[in-house]
Every structure is written in structure tokens, then in C-alpha cells.
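Each chain, letter by letter, is given below.
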Amino acid sequence: MSKATARAENKSLLIKGGHVIDPAAKINSPMDVLLRDGRVAEIALPGKIRGGADEKFDARGLIVAPGFIDLHVHLREPGQSYKETTASGTAAAAAGGFTSVCSMPNTAPVVDTPELIAWQRSPERGAVVNVFPIAAATRASKGTTLTDFAALQRAGAIAVTDDGRPILEDDTMRMCLRLGAELNFPVVQHAEDTRITEGCCMHLGATSFRLGLRAASGTAEAAIVDRDVSLALQIPGARLHVAHLSSADSLKAVRRGKRARARVTCEITPHHFTLLDEDVGEYNPNCKMNPPLRSATDREAILVAIADGTADAIATDHAPHADHEKQVEFERAAFGITGLETALALAITQLHGKHKIPLTRIVELFTAGPARVFDLHGRGSLVRGGPADVTIFDPKKRWTFEAAKSRSLSHNTPFDGWQFTGKVVATVVSGKVVYRAD
Amino acid sequence: MQRLPIHSIGAAARGSLLGIEHLDPRDILALLKLARRMNAAKPRPLLRGKRIILLFYEPSTRTRTSFEIAAKSLGAITTLVQSSGSSIEKGESLLDTAYTLRAVGADAIVVRHPSAGAPHLMARHLDIPVINAGDGMHEHPSQALLDALTILKHKKSFKGLQVTIVGDIYHSRVARSSILLLAKFGAKVTLCGPPEFAPDLTTTLAPGLRLTRHLDEAVRGADVIMLLRVQKERLAGQKIHLHEYIERYQMTPARLKLARRDALLMHPGPIIRGLELTSEVADCTQSVIVDEVRNGVPMRMAILARALGKAK
């Protein structure tokens, strides 16, 4: 974890009059929360907390939740600071209600050494929320030689992945899961059979045919997920996490693993539960991402998985890119969109507003769910004595997202100008307010 | 949630021709009508002094020359920019090239590009008309229009016309544009080819499309047969072999007899004799392959005149 937020001074903050939703602690009722010295000091019925506090936060009409955790963020440092920096990316995270983000290693160079993990965690990076780095699973993420998992873990990496690419070879994946099992270290898979998807830039369907774009179906993802689940079932203690799961068939494989008690988890992005392949429209580069936006059938399956508990977390896959990488021929445009500042709004507007998924489940997908995936002990729940990471939001607030006002260095989002319900009001990291809505 | 049209990043300038898909049928009819009044042999200086840039990122014979002759027949000045021998070779982006061409005074840009959607990207960022002369596997609207012009010289209307399109539909921009145009006017379109070239997905392009794997069935009773070029390199790695393709999908005089006696035989070119059609078929009286090329000039004159607001 970054120490940037650990200087919480000897201050106390009383969050008063709010409605606490903390699924891990089974709390869903009006509560006051007292934070002191960067820790949760007390959670009690309204008005029951005695004694003063240095600061008070009036949370009437608002939801007070454990700090949100995003398992999948591209902070782009080292080497790609024209897209994003740790400082700008974590500022965007704070504005989106995230108190912790897990950073992806596909930077330049790839984060495949303990030194680079330490560099990422250094206070000099200027993180305003907690950063949990994920290290590369293979050297330079080339998929051949495994990195030094144990050393990376000691340096503070919380998992390994070759995200941006799959760990494709059966043998390599088996070795990753084996070594991961020995160290209780999760392996995060970007599931994509790149032998099928070469040159593809969207989901195979009526839209890709209409636009004349090379495309691949969800099978390219599901085949890898299925293989990985089978491997995880063979290796006792293996921990497999499926990143940005997007296809209906992948969910079948995840369910197979979960039923057989394998430690298989998965995350879903807001864009996959919101948009469809047809939203690519007339070559909108901000609807180009990997995995691609998929069919209505896939989105339906994803919504079911979110509701029934198969999905473990909502993760943004925040992937900032500069204009000159997006405003090019669609085939050549960079994959990915920003997502930190729209995730909660999309979850409330789409999942709660449109699909009637309870707020408690949504909060779980942002808190207890992701905390369990990577064993982020003490995070994802407001436990007394635990880190004072809190997200305060207004589930009814209507607002319009303007990409130009984003804290991210990049503005590659398909949601510019969208009207949302549900907005982050304040984000507290280690007892300190790091974001407060105007 | 109120959803903004996330597709419309910027509007194309008036007069642009990006594809058939979003073209109004009345617009298509007006273009065809205008083309009938155009004649390269009788130049009309409608576009005198206008600068039209032909930006070609892919090789082309007929499309490029016919756009050029069309522009010159209307009195316009043309400049050809190709990817080799220009700054494109040095890594200039498509948009920077487009801005440069605009800055040197282009009044319209005709673009051929290997990437689908490249003309759309240019059109979103330019205030001058962009004409799509073929983008990747997406569309080739001027080809569909000249084919429509050719058909209407022989047939009264598209309504109820039985049109059969044979070959590599999946990879063909000509097929996409023609299917979209014909479907807009109520033609009955049958697609024919092996699954690699005519996957089931092809029928999603427009309502009412029929798909068959059997050429005899596809051709029987047809008013118009459109053949597509088979790119040998596309057959590589496919399940179907060249000789098998020829056996099952080559247009022969015997197969042509299954169509109506007055059926038109069309092909956007370049044709490969002995592959998708025999020489006898290419040169038979029903073949209008050469007419298509000829009609390309007046059709493109109409497209350019419309682009620059001189559609009279």
C-alpha cells in the first residue's frame, strides 16, 4: 500500500446522520461512524457516539459505505505518463469513490521486478488513494519465463497477471497457478485466445459485419476461462481471478469452478453491463476495448451473474489513452476506456435503477467482494480498528458526466454527457477526506 | 437515463458520401437521375476551379481513373495523393494528412483506404465533403451506385427484382454497399457462397435477405447476377479449396441458362477468368461488366457535383 495517505495526523472525523451499508458486517441501517488516527474508532446508532470530534461530516440522506476497491486500473506509470500518472489516476479514483485501486503491470517497462513494485509504491508517486500493485506473471509479460513471485509478493504485489495479454500456454498457466498456490498468490487472467483474435477489433456479430471489421466471438475468451478453471481444479490451493469477464460462456466455466469449490473469482466492468457491440455505432473509438462490447445475450448473462453472486466484483479496467491514440482508424485505435469516475453512477443507474439490483449488492461488489478476491484484510468493511477508508455517496443525486472535467489525464470515455443517478459525495482514505463533491 | 447519441462525434460535411447505409432512398434516386444527365464526352464546367484530392491508400485502377476523369470532365483540378511517395510513408496520421490536404485548399477529398471507417474519421474532423472510394471491408458506395445505374438501364425498377450475389460476400465492400442499396428499393436479394465467404451473419445486413449454398438454386429465375472477385489468398487456410470453389461456384454458361433469359451478368472487377467465371460468361451478350466500368464515370460525376453543391 502507498504510504501517501498514512499521515492521517491525530485527527478525528465523525460521519453523522448517514445510512451505513456494509455488506461484510451485515449492516444496512442509519449509523454514525467515528474515524480517528486513520482507523475506524466506532460505529454506533445515530447520536450514540459520545465525545467530540475534530471534524464532522453531515451525511444526512447519504449512504456511508466501506471504501470502494477497484481491482483493475491502469495507472500507466512507469513510462506512459502522457496517458495517466499515479497522481492523476488516483485523483480520478478518489472522485469515483475508490479508496483503493489495484494497478496493472503492463506499463513501459512492464512491472516484473520487486524494484519496480517498490517504485510504484513510493510516496513520490503522489497517490491519494491506496495503490495495490499487481505484478507481471511472466518476464515482460511475454508469456514464457515466470517472474519471481515470492520476491514480488514480498515487495508488496498482491497478485500477478500479464494483463493486456493472456497467459496463453497451458504449461505456463499451470506453472503460474502452482507457484501461486504455494504462495497463496492469486493469478489474474486476461482471458483471450490471441490465436483466434489476431487483428480483431470488436465482437463478432451483425454490427461487426455491417462495419466490415474483423471480429471474434466470446469463445475466444470462454475457451481460456474454461481451460484455466480446469487447471485450477487440478491444483490444490490455486487462486484464479478472471479479469473483465465479458461473455456468457465464460460465466458457465466460472460457475463450474465455484461449484467444485475451486478458488475462482471474476470481475465485471461497468461498460460490459451497460453497453453492447452495436454501440460502436459508426466506428466510435471510445467503444473499442478488449474484451470488446458484446451481444445482448452476453450482457443478459452478466446481469444475472451480478444479481446471483457469481460475479465477485465490479472493476473498471480504467484504461486511459491520449487523443492521438484514439482518433485514428478504428482498427488502429488503442483498446480501452477510462472508467473510474463513472463506475458507481453506472452501477446505480443501470443495475439498481434499471435492473432493480439492491444497493446492498452493488456496495458489496465495490467493497467486500473485491476485498475477498485479493485478501485485502481489513478493507472492504468498516471494522473497528481497521483502516478508515470510507465512501459516501448520494444514491438519488442526478448529474451529468462531463469528460472534460475528469481528473484523469485522458478523456477516452463513451459516457461523456450521460445523465446519471447516483453520485459520490466524499471519499475518505485513512481518515482523511481526499475527495469532496462541489 | 437519458442517453446521448454516442455515435455522432461530429457530423460529416454536406455532400459527403460515406456509405449507402445511411443514404436516404430519395437521395439515391436523385444521384442516379443526375448521373443519367452526365456525359464525360460532353464536359460541363460545373466544378470549374474546384480542387478535388484523390487520396489513395490502396491500389486501384477503375475507381481512381474514373473519379479522376469524372472530376476533370466537370472542370475540377485533381491531385492524386498515394501512400507511397507522400508523408504517409513517414508516419503521418490519417487526420494530419487530411488537415494538410484541407490546408492546401482541397474542396473535397475522395478517399480509398484499407481500414473500415477511415473516411468516417476524416469526415468527422473536416468541414469539406469526404467521398468514400472504398474503405476496408466496409462499403464502396460509388460502385453500388454505378451498378444501380447499370441495372436501371436494362430494368424498369428494383422492386421485386431477383438479384443474386455470388462469392466472397464476407470480405467484400462492394457486396455490402450493393446489398444495402438493393434492399432499400425492395429487390429480392439472394446471397450465395461457401460458409467461409457467406456466413449466416451476412443475412443480418438488411431485412429479407436469402442465403443459399447452392449456386443453381441461387441463379434460378434471377434477373441480375452479381459475381464477386475471389481473392486466392483468402482461400488459403480456408476449408474450401480452389478447385472445389470453381466446381461449386464458378459461373458457367450452363448455370447462367438457369437465370431469366434477359438476366444481367455483373462483376465489379477486376475479373479473374477461369475462377469465379468462365471466359464465355465474361464475354457473353448478357454480360454488362464493361458497361459497369463505363457507367462509373457519369455516376462519379454526379457524386462529385452533388458533393460540391452543383447538382443541377
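Quick caveat: nothing in here was measured; it's all calculated off a predicted structure.

A. The pairing of strand E5 (residues 63-66) of chain A, seen in detail. All names here are of chain A. Pairing of strand E1 (residues 12-22) with E5 involves 2 bridges; the strand directions are parallel. Directly across from His19, in E5, lies its bridge partner Ile63. In the sheet, E5 pairs with strand E16 (residues 390-400) via 4 bridges, with the strands oriented antiparallel. Across the sheet, Val64 pairs through a bridge with Ile392, a residue of E16.

B. Main features of the sheet that holds strand E8 (residues 130-136) of chain A. All names here are of chain A. Reading across from one edge, E6-E7-E8-E9-E10-E13-E14-E15 is the order of the 8 strands in this open sheet, with parallel pairing throughout. Of all strands in the sheet, those with a lone pairing partner are strand E6 (68-73) and strand E15 (313-314), marking the two edges. By the bridge criterion, 4 bridges tie E6 to strand E7 (residues 98-103) in an arrangement that is parallel. Across the sheet, the residue bridging to Phe68 is Phe98, located in E7.

C. Local environment of the interface of chain A and chain B. With 23 residues of chain A at the interface, the matching set in chain B holds 25 residues. For the side of chain A that touches chain B, the secondary-structure elements that each account for two or more residues are helix H6 (206-211) and strand E17 (419-429) of chain A. Grouping the constituent residues of the side of chain A that touches chain B by class yields 10 nonpolar, 7 polar and 6 charged.

D. Here's a closer look at the nonpolar core. A:Val33, A:Val64 and A:Val160 are the most contacted members of the largest nonpolar core, which has 119 residues in total. By residue number, the principal contributor to this core is helix H12 (residues 343-354) of chain A, which donates 7 residues. Summarising the domain contributions, this core has at least three residues from each of domain 1 (12-64 + 387-436) and domain 2 (68-373) of chain A. Residues contacting A:Val33, with those up to four places away along its chain left out, are A:Ile15, A:Val20, A:Val40, A:Ile43, A:Val64, A:Leu382 and A:Val390. Among the nonpolar cores identified, the runner-up in size contains 112 residues, and A:Leu204, A:Phe330, B:Met299 and B:Ala305 belong to it.

E. Local environment of the environment of A:Ala136. Residue and element names in this part refer to chain A. If you trace the backbone, Ala136 turns up in strand E8. Along the backbone, Ala136 and Val110 are 26 residues apart, and their C-alpha atoms lie at a distance of 6.9 Å. Those residues in contact with Ala136, other than ones at most four positions away along the chain, are Pro105, Val110, Val111, Asp112, Ser141, Thr147, Val160 and Asp162.

F. Region of the structure containing the domain arrangement of chain B. All names here are of chain B. Looking at chain B, the domain boundaries give domain 1 (25-139 + 294-307) and domain 2 (142-292). Taken together, the 19 residues of domain 1 in the interface contact 18 residues of domain 2. Put simply, the parts of the chain that give the side of domain 1 that touches domain 2 at least two residues each are helix H1 (25-36), strand E4 (130-135) and helix H12 (289-307). For the side of domain 1 that touches domain 2, the leading source of residues is H12, giving 6 residues. In the side of domain 1 that touches domain 2, the residues fall into 9 nonpolar, 5 polar and 5 charged.

G. Structural view of helix H10 (residues 296-308) of chain A. Residues and elements named next belong to chain A. Taking 1.5 Å per residue as the helical rise, H10 with its 13 residues ought to reach 18 Å, and the 18 Å between its terminal C-alpha atoms agrees with that figure. Three or more residues of H10 are buried, namely Asp298, Ala301, Ile302, Ala305 and Ile306. Each buried residue of H10 sits inside an arc of 140° when the element is viewed along its axis, so together they form one side. In H10, the exposed residues that point more than 90 degrees away from the buried face are Ala296, Glu300 and Asp308. Where H10 is buried, its residues contact helix H8 (248-259), strand E14 (263-268), helix H9 (270-274), H12 and helix H13 (359-366). A positive phi of about 100° marks Gly309, the residue just after H10.

H. Quick look at unusual backbone geometry. Of note, the bond from A:Glu77 into A:Pro78 is cis; its omega dihedral lies within 30 degrees of zero at 5°. Within the fold, A:Pro78 resides in the loop between E6 and helix H1 (86-95). Here the residue pair B:Gly269 and B:Pro270 is connected by a cis peptide bond, since its omega of -10° sits within 30 degrees of zero. On the secondary structure map, B:Pro270 appears in the loop between strand E9 (264-266) and helix H11 (279-283). Although it is not a glycine, A:Lys26 sits at a positive phi angle of roughly 55°. When you line up the elements, A:Lys26 lands in the loop between E1 and strand E2 (27-36). Positive phi, close to 60°, is recorded for A:Lys356, a residue that is not glycine. You can see A:Lys356 is positioned in the loop between H12 and H13.

Here is what the cut-offs are and how they apply
Counting of residues starts from 1 at the beginning of each chain's written sequence and follows it residue by residue. Lettering of chains starts at A and numbering of ligands starts at 1, both following the order in which they are written. Selection of residues for local features in this predicted model requires a pLDDT of at least 70, selection of side-chain atom pairs for listing and counting requires 80 or more, and totals for whole chains, interfaces and linings are taken over all residues. The pairing criterion is simple: DSSP has to find at least two bridges between the two strands. Per the convention used, a helix needs a DSSP run of H or I reaching at least four residues, while a strand needs a run of E reaching at least two, with both numbered from the N terminus. Contact between two residues is assigned whenever their backbone-derived C-beta positions fall within 7 Å. The residue classification treats Ala, Val, Leu, Ile, Met, Phe, Trp, Tyr, Cys and Pro as nonpolar and Asp, Glu, Lys and Arg as charged. All others, Gly included, are polar. As used throughout, a nonpolar core is a set of buried Ala, Val, Leu, Ile, Met, Phe, Trp, Tyr and Cys residues joined through C-beta atoms within 7 Å of each other. With C-beta atoms placed from the backbone, a residue is labelled by how many other C-beta atoms lie within 10 Å of its own: buried for 20 or more, exposed for 12 or fewer, partly exposed between the two. Bear in mind that the domain bounds are from an automatic or database domain assignment. Expected helix span is taken as 1.5 Å per residue step, with the number of steps being one fewer than the number of residues. Regarding the arc, it is the one traced by the directions from the helix axis to the C-beta atoms.

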